[in-house]
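Below, each chain spelled out in residue letters.
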Amino acid sequence: MAIDRGQKITLSVCLLIMLIVWIVSLLIRNEVKENAVYTVCYVYDYMSGVSSGSYISFYFYVDNKRIKGSNSYNPKYNVKVGEFYMVKYSSENPDFSEIQQDQRVFSTTKIKEAGLTIPKKKKNQFSN
C-alpha cells in the first residue's frame, strides 16, 4: 500500500514534533544537571494515561514560592500520593525539576525546613 502526499506530510509533522519534544527534554535535563539544587517535595497526584504513560505531580518551595512539577512515574520505586521525596531542580529556572523517586524523605525536620507541612491524619468519624 502506497503512502499518499497527505499521509507523508502528517507523518513528517508527527516526527518533527517528537524530535522537538525530545530535544526540549534533553535541554531541561541538562539545565537541571548543570544548576542542580536539592530540596524536599510533596507528591499530590498520580495520573495514568493510555498513550502518555503514568505521571506523578508534586510541589516544592523555592524562596517561599510554590513550584509545581510532574515527571513520569517509575513503578520500580512505588511512589505514592501523600509522601515526601527529594527533588532536584535548576537554580536558574526552578520550573525545571526532577523528582528523585528513589529518595523518600521521612525526616519531619527536613520536610519543615523545606517549607512544607505534614498533613494531619484524618480522624475516623466513628471513633471516640
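Above this text is the structure in question.
For clarity, every value in this text was computed on a predicted model and none was experimentally measured. (Residues numbered from 1 in each chain as written. Predicted model: local features only at pLDDT ≥ 70, side-chain atom pairs only at ≥ 80, totals over all residues. Heavy atoms only, no water.)

Student: Would you mind showing me how to read the sheet that holds strand 3 (residues 65–72) here?
Tutor: Pairing between the strands of a sheet comes from backbone hydrogen bonds, and it takes one of two forms, parallel or antiparallel. Spatial strand order, 3-2-1-4-5: 5 strands in an open sheet with antiparallel pairing. Two strands bound the open sheet, and with one partner strand each, they are strand 3 and strand 5 (97–104). Strand-to-strand twist across the sheet, computed as the mean angle between neighbouring axes with direction ignored, equals 40°. Two strands pair when backbone bridges link them, and strand 2 (residues 53–62) and strand 3 are joined in this way by 8 bridges, in the antiparallel orientation. The residue bridging Val62 from the neighbouring strand is Lys65, located in strand 3. Along the sheet face, helix 1 (residues 5–34) touches strand 1 (36–49), strand 4 (84–90) and strand 5 and points at about 100° away from the line of strand 4. (Pairing = 2+ DSSP bridges. Helix = DSSP H or I, 4+ residues; strand = E, 2+ residues; numbered from the N terminus. Axes fitted to C-alpha atoms, helices over the stretch in contact; angles between N-to-C directions. Contact = heavy atoms within 4.5 Å.)

Student: How should the side chain of Ser57 be read in this particular structure?
Tutor: Mapped onto the fold, Ser57 is located in strand 2. Each residue touching Ser57, except ones within four places of it in the same chain, is listed here: Tyr42, Val43, Tyr44, Asp45, Gly69 and Ser70.

Student: Looking at this structure, I do not really get the side chain of Ser54. What am I missing?
Tutor: Mapped onto the fold, Ser54 is located in strand 2. Setting aside residues no more than four positions away along its own chain, Ser54 makes contact with Tyr46, Met47, Ser48, Asn71, Ser72 and Tyr73.

Student: Just checking my understanding: could you explain the pairing of strand 2 for this structure?
Tutor: The side chains of a regular strand alternate between both faces of the sheet. Most of strand 2 is tucked away, with 7 of its 10 residues classed as buried. By the bridge criterion, 7 bridges tie strand 1 to strand 2 in an arrangement that is antiparallel. The residue of strand 2 that forms the bridge with Tyr42 is Tyr59. Count of turn residues in the strand 2/strand 3 antiparallel hairpin: 2 residues, of which Asp63 carries a positive phi of about 50°. (Buried < 20%, exposed > 50% of the residue type's maximum accessible area, 1.4 Å probe, protein only.)

Student: I would appreciate a short explanation of the nonpolar core in the present structure.
Tutor: Looking at soluble globular proteins, one finds that nonpolar side chains tend to be buried together. Counting residues in each nonpolar core, the largest one holds 13 residues, and the members touching the most others are Cys41, Val43, Phe58, Phe60 and Ile99. Among the elements of the structure, strand 1, strand 2 and strand 4 are those that each provide at least two residues to this core. No other element matches strand 2, which puts 4 residues into this core. Among residues more than four places away in sequence, those in contact with Val43 are Ile56, Ser57, Phe58, Val79, Lys80, Val81, Gly82, Glu83, Tyr85 and Ile99. Ranked by size, the runner-up nonpolar core spans 9 residues in total, among them Tyr59, Val105, Ile111 and Leu116. (Core = buried A, V, L, I, M, F, W, Y, C linked by side-chain atoms within 4.5 Å.)

Student: Would you explain unusual backbone geometry in this entry?
Tutor: Trans peptide bonds make up most of the peptide bonds, and negative phi angles are found at most residues other than glycine. Residue Asp63 is not a glycine yet carries a positive backbone phi of 50°. Among the secondary structure elements, Asp63 is positioned in the loop between strand 2 and strand 3. What makes Asp63 exposed here is its relative accessible area of 75%.

Student: Can you help me understand helix 1 in this one?
Tutor: Because each turn of an α-helix spans 3.6 residues, side chains separated by three or four positions in sequence point in the same direction. For helix 1, which comprises 30 residues, the first-to-last C-alpha distance of 43 Å matches the rise-based estimate of 44 Å (1.5 Å per residue) to within 8%. A distance of 3.2 Å separates the backbone nitrogen of Gly6 from a side-chain oxygen at the start of helix 1, and that oxygen is part of Asp4. (Expected span 1.5 Å × (residues − 1). Polar contact = N/O pair within 3.5 Å; in protein donor to acceptor, adjacent residues only side chain to side chain.)

Student: Help me out: how do you make sense of the pattern of salt bridges in this one?
Tutor: Side-chain pairs of opposite charge can arise where the charged atoms are in close proximity. Overall, the coordinates contain 1 salt bridge when judged by the stated rule. The closest approach of N and O atoms between Arg104 and Glu83, which form a salt bridge, is 3.4 Å. With Arg104 in strand 5 and Glu83 in the loop between strand 3 and strand 4, this pair connects stretches of sequence that are 21 residues apart. (Salt bridge = Lys/Arg side-chain N within 4 Å of Asp/Glu carboxyl O.)

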